[in-house]
Amino acid sequence: MNSVNFPSLELVSWDAFATRVAALTYGSPTLPRFVFRGQADITWRLEPKLARVLRESGVKSLGDGEQVEQRLLAQFESRAHHHVTAGQLQTSFFAYRMARWSIMQHYGAPTRLLDWTASAYVAAYFACTSHFSAEGVIYVTAAANVLRANGIEPSESARLHDEFMSNLDTSVTKAAFYASTVLSEREIVQMANFSFALNVLDGHDEGIAKVLVPGSPADGPSLLAAKWIIPADKKLKFLANLRQMNIGAHSLFPGLDGLGRSLEEIAYLEAGCI
């Protein structure tokens, strides 16, 4: 997968970031216009974990890739009843592959999904929370525009069940966005969305880039898709400011997992103050 050259903008300070965020037109709380993805290393692609595993393992056949994915899903289905409630298993939500993928994604399994958020500040956290010697990046895109560019009306995106997906034209639909209809606690606090590709081997750059037109801006009300770059030496400053907004591992990862992650962040911030 070749990396797409999204319009880019370097965020030279926290104030520059906050100014860009304030300039966006967000839409309604239930139908946000923009989604964001933070990555701690700018060299990483918009590539889901399963596509990366398949690429690194030398899998090039779509059929072989889907076979691996199906075996993973079968393993999940055979064991998940030990870990989820009977009510979850009985819901129509759980009956769809997309729903099962999102649960698998939540617990770190390799899937064709990528995590996004409706909050630029949550994305900034993920762009800054590790790899302190590398530039971080926030990808931002207008999700409804991406859906239309990939042949899906936004009003239909809630219908991404198995039959609907099987009828999509793979020559048109390269990537799309999806939001769970039954949210976990973590998805709620992280304001989660997902992107996915119809081809399990694909990254999501190409499908998102379909929305771009010549001269697409990197910020402002007419933004369609872009990447905002956070210099490595600004990451701790961003984390400190985000913590003042109560955005950190302690709030984004409920439970002891969040506590442990939070203590690591505190260690970096405390060391930076010495």
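Values in this document were obtained by computation on a predicted structure and should not be read as measured data.

Enquirer: Explain the overall build of the chain residue by residue, including any values.
Expert: In terms of helices and strands, the chain carries 14 helices and 7 strands. Relative to the 2.2 N^0.38 estimate, which gives 19 Å for 274 residues, the radius of gyration of the chain is 19 Å and therefore close to what a compact globule would have. With the C-alpha coordinates aligned to their principal axes, the bounding extent of the chain is approximately 55 × 45 × 40 Å. The buried share among the 274 residues of the chain stands at 46%. For the chain, the proportion of contacts with a sequence separation of at least 24, taken over those separated by at least 6, is 76%. Surface summary for the chain: the accessible area is close to 13400 Å², and the carbon and sulfur share equals 53%. Side chains of the chain carry 24 positive and 27 negative charges; the gap between the two charge centres is 1 Å.

Enquirer: Just give me the short version of the pairing of strand β4 (residues 136–142), but keep the residues and values in it.
Expert: Every regular strand shows the same layout, with side chains that alternate between the two sheet faces. Judged by how many residues are buried, β4 sits mostly within the fold: 7 of 7 residues are covered. The alternating pattern of β4 places Gly136, Ile138, Val140 and Ala142 on one face and Val137, Tyr139 and Thr141 on the opposite face, and all of these are buried. Where strand β2 (residues 34–39) and β4 come together, 6 bridges link them in antiparallel fashion. Directly across from phenylalanine 34, in β4, lies its bridge partner alanine 142. Summarising the sheet, β4 and strand β7 (residues 225–230) pair through 6 bridges and their orientation is antiparallel. From the neighbouring strand, threonine 141 faces β7, where its bridge partner is alanine 225.

About the thresholds
Residues numbered from 1 in each chain as written. Predicted model: local features only at pLDDT ≥ 70, side-chain atom pairs only at ≥ 80, totals over all residues. Heavy atoms only, no water. Helix = DSSP H or I, 4+ residues; strand = E, 2+ residues; numbered from the N terminus. Rg over C-alpha atoms; globule rule 2.2 N^0.38 Å. Buried < 20%, exposed > 50% of the residue type's maximum accessible area, 1.4 Å probe, protein only. Contact = heavy atoms within 4.5 Å. Areas by Shrake-Rupley, 256 points an atom, 1.4 Å probe, with all protein chains shown as cover. Lys, Arg positive; Asp, Glu negative; His and termini not counted. Charge placed at Lys NZ, Arg CZ, Asp CG, Glu CD. Pairing = 2+ DSSP bridges.

Shape is all these values report; function is a separate question.
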